[in-house]
Amino acid sequence: MAVDELQAIIQRCQILEEADFKGEDFNLFQVAGQKCLEDGYAAQLLEVIQNEKNKVIVKNMGWNLISPLVRCIFMYKQEDDKREHCLKILDQLAQLCNPKEIFLGLLEQIEQTSGEQVCQTVMLLLQPLQTVLLKLQNKKAYSVGLSLAMIMNQLTPLPVPYTKQQIQEDKLGLCQCCNAVVDFAKPFVNEVVKNMEKLSEYNDMELKEELLKFCMKSLKYPLLTAQLEQLEGIEEHPFRHFAAEIIDILWDMRELVPLVFLHHKGKSLHWENQEFADIEQKNSADSLACLSYLIFVQHFGIDCFPMVFSPSYLLQCNMTHIEVLLKRTEESMLSKGLDLFESSLLRMEDNSLLCQYLECRDFINVPQVLVKVMTLCPIEHLRKKSLNVLQLFIDKFDSEGKYTLFRCLLKTSNHAGVEGYIIKNIKDQIHLSLTKVCDNIWFRGHHLISLLDLVLLLPEGAETDLLQNSDRIMASLNLLRYLVIKDCESDNQTGIWTTLAKIEQNFLKPLHVGLNMSKAHYEAEIKSKKENKREAHSSNTVCAVTVSGEKMPAMTTEMQLQVLHSALFTFDLIESVLARVEELIEVKVKAGMDEN
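Residues numbered from 1 in each chain as written. Predicted model: local features only at pLDDT ≥ 70, side-chain atom pairs only at ≥ 80, totals over all residues. Heavy atoms only, no water.

An unreviewed UniProt entry lists the chain under the name GLMN protein, from Eurystomus gularis.

In structure tokens:
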């Protein structure tokens, strides 16, 4: 029945001129063709479409069958002959139909797909879409750009497989689909490369721009999120293959090196709406950061890269990208940022980075962002790695650079643990300054005294929270103890002995007062808790504790007492080191007086 209806419409249209086709004819052809597909007569429909006599009819009306055709292809099983017939019909329509009409029909199907069918639909329609685009003469660049943008927009909401198991399973088909999209783009890349010498022709220049946009989108998604380390048991990592293909396209179009080094000189689209301009800038920054990671960490395209740039210049170029990545909270992006930073630093020799680099905004911003990763990131191995990278960064600076960086971090970190770590580094630099033959002016004399003004003090005097600042205080006391032991009053290489009165006034005395106040407060708290415990019916009475505005899990009285005793132990430890420092000062001062 359905085939008879189709044949009747075909016979009626065969006697008409192309210009005489009416809207009613289009509708009847679509309905009859769709019914043939749904009733299982795909083979008969294929015969009709392949018939040379129907060429004009198919050219004008065939694109209407795209939607029911796609539905039927997904309805049939892989090995079903009817599915094979449908695929052949799709191929024939791409060859015979009006390119503009079939192009819009294919794009409409890609746009309307969603969820688990996105990758399947895209992979199904890539080949016919490529066939149609290669036939287009007018607006080819625009059409290629529109196709790639539509495909990437549909893929972007899909989760990127990250673990080895997820990559191997590839449940939604994203890994396979991404590589299929690159193959789809290759003929157009070849066209641009072939005409590279005559790119003054507007269409070719426009096509290159569209392909460049595709590469930039691909760098942001899926590559920025993807796990790109070589995984054992996966012979060809799909995302590594995809990354290599994107880098090859950029290299072939002579855009790889300019993007890495000259991106700040590049043109950006003019947006009257500032919100759109900000979005474009952010997307571009993410893509360029991923590109640098691919080249300098994963070494994609490194063989054809000019090896004329100094390690310090490469670090400078990468600092913007490192900051972009470290400001993200996703594990995949944070780890890429740390790897890129580490890789850039390992190319350099220790003590080779000049202090002048700290005049660049990025060289100040990145260590501050790194400190936030160290202190706020919930992923332990990234916190540990960020600490190692910070130490690596410190090691690369010359003495003046280290000195300047220490001052900056002490003023901006706002974290006692980080400040304690920086103070330990200061101690190490002073030790080198005192034991080396070379004269290091930055960690002795008036420069050191200026730095110690930031170290040997309590942020809020005697009212400082000693428990919260215990790491910093212990590091400061250990540094002071080292200085008193290592530097004799008669030599006074560090200048510590001329500023001792100031240190006692600003640090040691307020610390004594603070310790007495803190110990008295915590001892009173312990006494109060013990009394409450005796009065309570059960020792398992619980209470709510709030820290920094966040409610912590309920604590029993026993647990509270443990915390309070732990605090007292910390105060005792600080007090014992403080007593030792004061004892050493007294001994040294007395020895100096006896000598005089």
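Re the overall build of the chain
Threshold: In this description a helix means any DSSP run of H or I spanning at least four residues, a strand means any run of E spanning at least two, and both kinds are numbered starting from the N terminus. We call two residues in contact when some of their heavy atoms are within 4.5 Å. What sets the accessible areas is the Shrake-Rupley method with a 1.4 Å probe; for residues, cover comes only from the shown protein chains.
Each helix and strand counted, the chain has 25 helices and two strands in total. The contacts of the chain with a sequence gap of at least 6 include a subset with a gap of at least 24, amounting to 75%. Total accessible area on the chain stands at roughly 30500 Å², and carbon and sulfur atoms take up 51% of it.

Brief notes about the environment of Thr498
Put simply, the rule is: Polar contacts, as counted here, are pairs of nitrogen or oxygen atoms within 3.5 Å of one another; within protein the pair requires one atom able to donate a hydrogen and one able to accept it, and residues that are adjacent in sequence qualify only if both atoms are side-chain atoms.
Examined against the element boundaries, Thr498 turns out to sit in the loop between helix H23 (470-486) and helix H24 (500-535). Considering only alpha carbons, one finds Thr498 and Ile449, 49 residues apart in sequence, at a separation of 9.4 Å. At a separation of 2.8 Å, a polar atom in the side chain of Thr498 contacts the main-chain carbonyl oxygen of Gly495.

Observations concerning the packing of aromatic side chains
We apply this condition: Pairing of aromatic rings covers Phe, Tyr and Trp, the last through its six-membered ring, and needs centres within 6.5 Å; plane angles under 30 degrees mean stacked, over 60 mean edge-to-face, and all others mean tilted. The buried label applies to any residue whose accessible area, calculated with a 1.4 Å probe on protein chains only, is under 20% of its type's maximum; exposed applies above 50%, and partly exposed to all values in between.
As enumerated under the stated definition, the model contains 14 aromatic pairs in all. Ring plane angle 65° and centroid distance 5.8 Å describe the contact between Phe184 and Phe188, whose orientation is recorded as edge-to-face. With a gap of four residues between them, Phe184 and Phe188 both fall in helix H11 (residues 174-194), about one helical turn apart. The two residues Phe184 and Phe188 agree in class, both being buried. Geometrically, the ring pair formed by Phe296 and Phe305 is edge-to-face, given 5.9 Å between the ring centres and 85° between the ring planes.

Comments concerning the confidence of the model for the chain
As a reminder of what qualifies: As a per-residue quantity, pLDDT reports the predictor's confidence and falls between 0 and 100.
Scored by pLDDT, the chain has a mean of 87; 88% of the residues are at 70 or more. Predicted confidence is poor over residues 264-271, with pLDDT under 50, and the contacts of this stretch with residues over four places away or in other chains come to five contacts.

A few points about the side chain of Gln227
Residue placement: Gln227 occurs in the loop between helix H12 (202-223) and helix H13 (238-252). On the basis of relative accessible area, Gln227 is assigned to the buried category, the value being 17%. Side-chain polar atoms of Gln227 contact the backbone nitrogen of Glu229, separated by 3.0 Å. What Gln227 contacts, discounting residues up to four positions off in sequence, is Tyr162, Ile167 and His237.

Considering the packing of helix H8 (residues 118-135) against H11
This is how the line gets drawn: Angles run from 0 to 180 degrees between N-to-C directions of axes, and those axes are lines fitted to C-alpha atoms, restricted for helices to the stretch in contact. Just so you know how the angles are binned, under 35 degrees is roughly parallel, over 145 roughly antiparallel, 65 to 115 roughly perpendicular, and the rest oblique. Classification convention: Asp, Glu, Lys, Arg as charged; Ala, Val, Leu, Ile, Met, Phe, Trp, Tyr, Cys, Pro as nonpolar; all other residues, Gly among them, as polar.
For the pair H8 and H11, the least separation of the axes is 10 Å and the interaxial angle reads 5°. Classified by the interaxial angle, the pair formed by H8 and H11 is roughly parallel. Judged by residue contacts, Cys119, Val122, Met123, Leu126, Leu129, Gln130, Leu133 and Leu134 of H8 engage Leu174, Gln176, Cys177, Ala180, Val181, Asp183, Phe184, Pro187 and Phe188 from H11. Considering only residue class, the contact of H8 with H11 consists of 14 nonpolar, two polar and one charged.

Focus: the pattern of salt bridges
A side chain with one charge can pair with a side chain of the opposite charge if their charged atoms come near. Heads up, the rule is: What counts as a salt bridge is simple: a side-chain nitrogen of Lys or Arg found within 4 Å of a carboxyl oxygen of Asp or Glu.
Within this structure, the stated rule accounts for 23 salt bridges. Among the salt bridges present, the one from Lys385 reaches Asp339, with a minimum N-O distance of 2.4 Å. Separated by 46 residues along the polypeptide, Lys385 in helix H19 (residues 380-396) and Asp339 in helix H17 (residues 331-346) bring together distant segments of the chain. Accessibility expressed as a relative area gives 23% for Lys385, which makes it partly exposed. One salt-bridge network, held together by shared partners, links Lys220, Asp286, Arg328 and Glu330.

Concerning the environment of Ala462
Assignment of secondary structure puts Ala462 in the loop between helix H22 (445-455) and H23. The class for Ala462 is buried, based on a relative accessible area of 17%. Excluding residues that lie within four positions of it along the chain, Ala462 makes contacts with Pro510, Val513, Gly514 and Met517.

Re unusual backbone geometry
With an omega dihedral of 10°, the bond running from Tyr221 to Pro222 counts as a cis peptide bond. Secondary-structure assignment places Pro222 in helix H12. Here the phi dihedral of Arg254 falls at roughly 60°; this positive angle occurs in a residue that is not glycine. Looking at the element boundaries, Arg254 is found in the loop between H13 and helix H14 (256-261). For Asn492, which is not glycine, the phi dihedral falls at a positive 45°. Note on placement: Asn492 falls in the loop between H23 and H24.

Quick look at the environment of Ile247
Topologically, Ile247 is positioned in helix H13. For the pair formed by Ile247 and Leu219, sequence separation is 28 residues and the distance between their alpha carbons is 9.5 Å. Residues contacting Ile247, with those up to four places away along its chain left out, are Leu256, Leu291, Leu294, Ile295, Phe300 and Gly301.

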